[in-house]
Amino acid sequence: AAFLSDPLLAKLPPSTELFYVVNASGDAYGRLQTSPWARSSSGLGSLQQAIDQMTAAGADPAQIAGLQVVLSTLQNLGLVSPNGQSTVDQVLSKAVFFAGLSDSENEPLQAGMYFSAAKGASLKSKLPVLRQLLGDADMVVAEQKIGGIDGLVARPAQQPQDTPQEIAIYLAATDSLMAIS
């Protein structure tokens, strides 16, 4: 298939056992966005409806607050417009999500995401939003160059006991590419 020649796939580690590709710049994505299903089940409206339904049903306020954070973050990243429409294709051209098991005791699971920017979008400009999100999640976040690229490293304030490996989230971005692992 033609998508197997995509440059983002060349970045996948050898241990990758599964991956998922989203092409937000393709014709199929455009048809999906204009379909009746997408108009009735995506974007801010759906998230706000879920929050309203959970509130009316007396759901745990912490769950409601968590969903409100998701909604706000999607808007701040530019993935959802203020009126609730998906704007993913204005920020991202393609995304590849991957996971795999490795032989390393220090990193038994390799998982992450690669994103390429839509024309005119800057993925590097999203780092402050992601930094805020990780900080709000009680992670200790530090700026760090990763492979010579501006990035962030986020770690739990306290590493869980009985965990042989360090838990960390690495983010690096240029205007045109972003990696998260």
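Residue numbers restart at each chain and count upward from 1, following the sequence in its written direction. Per-residue local features are limited, in this predicted model, to residues with pLDDT of at least 70; the limit for side-chain atom pairs, both in listing and counting, is 80 or more; totals at the level of whole chains, interfaces and linings are taken over all residues. With hydrogens and water excluded, all non-hydrogen atoms of the structure serve as input to the side-chain values.

### Structural notes on the layout of surface pockets
If you add up the space inside the largest pocket, you get close to 760 Å³. Contributing to the lining of the largest pocket are 30 residues, with Glu 107, Ala 111, Ala 168, Tyr 170 and Ser 181 lying nearest its centre. Only Asp, Glu, Lys and Arg are considered charged, only Ala, Val, Leu, Ile, Met, Phe, Trp, Tyr, Cys and Pro nonpolar, and every remaining residue, Gly among them, polar. Among the residues making up the lining of the largest pocket, the classes are represented as 21 nonpolar, six polar and three charged. Lining the second largest pocket we find 22 residues, and of these Leu 79, Leu 92, Phe 97, Met 113 and Phe 115 sit closest to its centre. For the lining of the second largest pocket, the secondary structure elements donating two or more residues are helix H1 (27-33), helix H5 (88-91), strand S2 (92-101), strand S3 (109-117), helix H6 (127-136), strand S6 (169-173) and strand S7 (177-180). Partitioned by chemical class, the residues of the lining of the second largest pocket number 21 nonpolar, no polar and one charged. For each structure, a 1 Å grid was placed over the protein atoms alone; sets of points admitting a 1.4 Å probe that cannot get out are labelled cavities, open sets with protein on both sides within 12 Å along at least five of seven lines are labelled pockets, and lining residues have an atom within 4 Å of a point. Grid points are joined across faces, edges and corners, and a volume is the space filled by probe spheres set on the points. Helix and strand definitions here come from DSSP, where helices need a minimum of 4 consecutive H or I residues and strands a minimum of 2 consecutive E residues; each element is numbered from the N-terminal end.

### Details of the packing of aromatic side chains
Two numbers describe a pair of aromatic rings. These are the distance of the centres and the angle of the planes. Only rings of Phe, Tyr and Trp enter the pairing, Trp through its six-membered ring, and a pair is recorded when the two centres are within 6.5 Å. The plane angle decides the type: under 30 degrees is stacked, over 60 is edge-to-face, the rest tilted. Scanning all chains against the criterion turns up three aromatic pairs. Ring geometry for Phe 98 against Tyr 114: centres 5.6 Å apart, planes inclined by 20°, an arrangement best described as stacked. One end of the pair, Phe 98, is in strand S2; the other, Tyr 114, is in strand S3, and 16 residues separate them in sequence. Under the relative-accessibility criterion, Tyr 114 is labelled buried at 17%. A connected cluster of aromatic rings, assembled from ring pairs, spans Tyr 20, Phe 97 and Phe 115. Each residue gets one of three labels from its accessible area relative to the maximum for its type: buried under 20%, exposed over 50%, partly exposed in between, using a 1.4 Å probe on protein chains only.

### Description of the pairing of S2
Across six bridges, strand S1 (residues 18-23) lies against S2 in antiparallel orientation. By the bridge assignment for S2, Phe 19 is matched with Phe 98. At least two DSSP bridges between two strands are required for those strands to pair.

### Comments concerning unusual backbone geometry
Negative phi is the rule for most residues except glycine; trans is the rule for most peptide bonds. At Asp 138, a position not held by glycine, the phi torsion is positive, near 65°. Structurally, Asp 138 can be placed in the loop between H6 and strand S4 (139-146).

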